[in-house]
Amino acid sequence: MDFRPSDRSLDYQRRLTAFMDECVYPAEPIAARQMADSGDPHHYPAVLDDLKAEARSRGLWNLFHPHRDPGLSNTDYAPLAEIMGRSIHLAPEACNCSAPDTGNMEIFELYGTDEHKEKYLRPLLDGTIRSAFAMTEPGISSSDATNVAMSMKRTTGGFILNGRKWFTSNGMHPHLEVMIVMGKTNPEAEVHRQQSMLVVPAHADGVRILRNLPVFGYHDREGHAEVEFADVFVPDKDILGGEGAGFRIAQDRLGPGRIHHCMRSLGMAERALELLCTRALSRSTFGTRLADRDNIRDQIAQARIDIEQARLLTLKAAWMMDTASNKEARQEIAAIKVAAPAVALRVVDQAIQVFGGEGVTDDTPLAAMYAGLRTLRLADGPDEVHRMTIARAELRKYRDR
């Protein structure tokens, strides 16, 4: 087992770190000011276009994509995603490595027609449009994808969609042009063959954005939209992978997406630990510097241990995806999806405690990190589902003994 970074990955790490230091971190207060001045929580800050142009000029574009330039493996990409995670609301989009576009681009690559690739994949790769993935629904337990209930009724030449989706990431983005929507095309089929995925233009007749859902009071710039589909017609040509392939495509999509989330989570954890240490070295209480207190030192040491353990597990999962398959790495992907957000959340929480009242404001990135990481324990499958997957695999080893 060898997941040492390649020379190529190390080169990208150096270049990306320089981009973060020279461009992204200085842009954070500028973006915040542009957002505040607009009065719109979904405003697209102009500084992002500057960052995108700079990222492209430095060759730091579409780093996630294994099949196109630069064609990095999961193991090589892992530390890059971690670096971008340190500025989660700017860096991934600046490098065209944002969820849910990364997963949607892979779906179009693997299952899209030539028309889909020309109309949607190419501009997504160019960063001129954004996309959404509409799977989660109100009123059902979405942790089980077979519960998806949106009606996709067969009609002459295509399907009629009726239903609601929510937590549709990118749903409020001003550059949103296309959605990949999962629904039920055949309620009578075998349970894992009832669902299909359709390509739906974001501005199609009958598609209506109802509202943006706040996450712990935060309205992410891209939005988590509740979307209504009322008699939306989708032609046959816009089904992905054929009728009944929705569940399988969802599994193909979520594997890489989950590990990308974990990588970015570790970047948030590293930045939170950095802020914690800097704060502890600069503040004193009752005549003693915080950094000299045993309980603070214990927290710092445990945070370093936890981050390193989570990183090694993430790299193992990435290595298995590269050398075996996503399916064979399923248990490791499930394990890191539980471990990484929990570790990062714990480190952020400790940093908030050291910052005191300032830690729960927007004067530091910690409060927003906390909200995002706590939500991540639900997104792409809650912890309980991943633990169930792990437990089943463990029990299988001993069942026939």
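What you see is a predicted model, and the numbers here were worked out from it, not measured in a lab.

This part takes up the environment of alanine 18. When you line up the elements, alanine 18 lands in helix α1 (residues 7-38). The partly exposed category is assigned to alanine 18, whose relative accessible area is 22%. When sequence neighbours within four positions are dropped, the list of residues in contact with alanine 18 reads Cys23 and Arg58.

To continue, consider the pairing of strand β1 (residues 130-134). Burial analysis of β1 places 5 of its 5 residues in the buried class, which makes it a mostly covered element. Neither face of β1 is left uncovered, since the one carrying Arg130, Ala132 and Ala134 and the one carrying Ser131 and Phe133 both have all their residues buried. Where β1 meets strand β4 (residues 176-184), 5 bridges bridge the pair, whose relative direction is parallel. Following the sheet pairing, alanine 132 is matched in β4 by methionine 179.

Let us look at the pattern of salt bridges. Using the criterion set out here, one finds 34 salt bridges in the structure. In this structure, the salt-bridge partner of glutamate 93 is lysine 52, at a minimum N-O distance of 3.6 Å. Separated by 41 residues along the polypeptide, glutamate 93 in helix α4 (residues 91-94) and lysine 52 in helix α2 (residues 47-57) bring together distant segments of the chain. Exposure class is identical for glutamate 93 and lysine 52. Each is buried. With a closest N to O distance of 3.8 Å, arginine 164 and glutamate 228 form a salt bridge. With a gap of 64 residues between them, arginine 164 in strand β3 (residues 158-169) and glutamate 228 in strand β7 (residues 224-235) connect regions that are remote in the sequence. Among the charged side chains, a salt-bridge network with shared partners connects Lys52, Glu93, Asp101, Arg130, Arg221 and Glu222.

Moving on, we come to the UniProt feature "domain: Acyl-CoA oxidase/dehydrogenase middle" (unreviewed entry) in the chain. Using the residue numbers shown here, the UniProt feature "domain: Acyl-CoA oxidase/dehydrogenase middle" (unreviewed entry) corresponds to residues 132-232. For the annotated span residues 132-232, helix accounts for 0% and strand for 50% of the residues, and the straight-line distance between the end C-alpha atoms is 16 Å.

Moving on: the packing of aromatic side chains. Across all of its chains, the model carries 2 aromatic pairs by this definition. Plain terms: the ring middles of phenylalanine 108 and tyrosine 120 are 5.9 Å apart, the flat faces sit at 25° to each other, and that makes the pair stacked. Note that phenylalanine 108 is positioned in helix α5 (residues 101-111) and tyrosine 120 in helix α6 (residues 114-126), a separation of 12 residues in sequence. By relative accessible area, which is 0% here, phenylalanine 108 ends up buried. By relative accessible area, which is 6% here, tyrosine 120 ends up buried.

Reading guide: rules and limits
- Just so you know, the residues in each chain are numbered from 1, in the order the chain's sequence is written.
- Local features in a predicted model are, by the rule used here, given only for residues with pLDDT of at least 70; side-chain atom pairs are given and counted only at 80 or more, and totals for whole chains, interfaces and linings are based on all residues.
- Excluded from the side-chain calculations are hydrogens and water; all other atoms, namely the structure's heavy atoms, are used.
- The numbering of helices and of strands both runs from the N terminus, where a helix is a DSSP run of H or I of at least 4 residues and a strand a run of E of at least 2.
- Partly exposed describes any residue whose relative accessible area lies between the buried limit of under 20% and the exposed limit of over 50%, with all areas from a 1.4 Å probe on protein chains only and scaled to the type maximum.
- Here, two residues are considered to be in contact whenever any of their heavy atoms come within 4.5 Å of each other.
- A pair of strands is treated as paired once DSSP finds two or more bridges between them.
- For this document, the term salt bridge refers to a Lys or Arg side-chain nitrogen within 4 Å of an Asp or Glu carboxyl oxygen.
- UniProt positions are given in the numbering used here, feature names are shortened, and annotations may be inferred rather than shown by experiment.
- Note on aromatic pairs: the rings of Phe, Tyr and Trp (six-membered ring only in Trp) are paired at centre separations within 6.5 Å, and the planes decide the class, stacked below 30 degrees, edge-to-face beyond 60, tilted for the rest.

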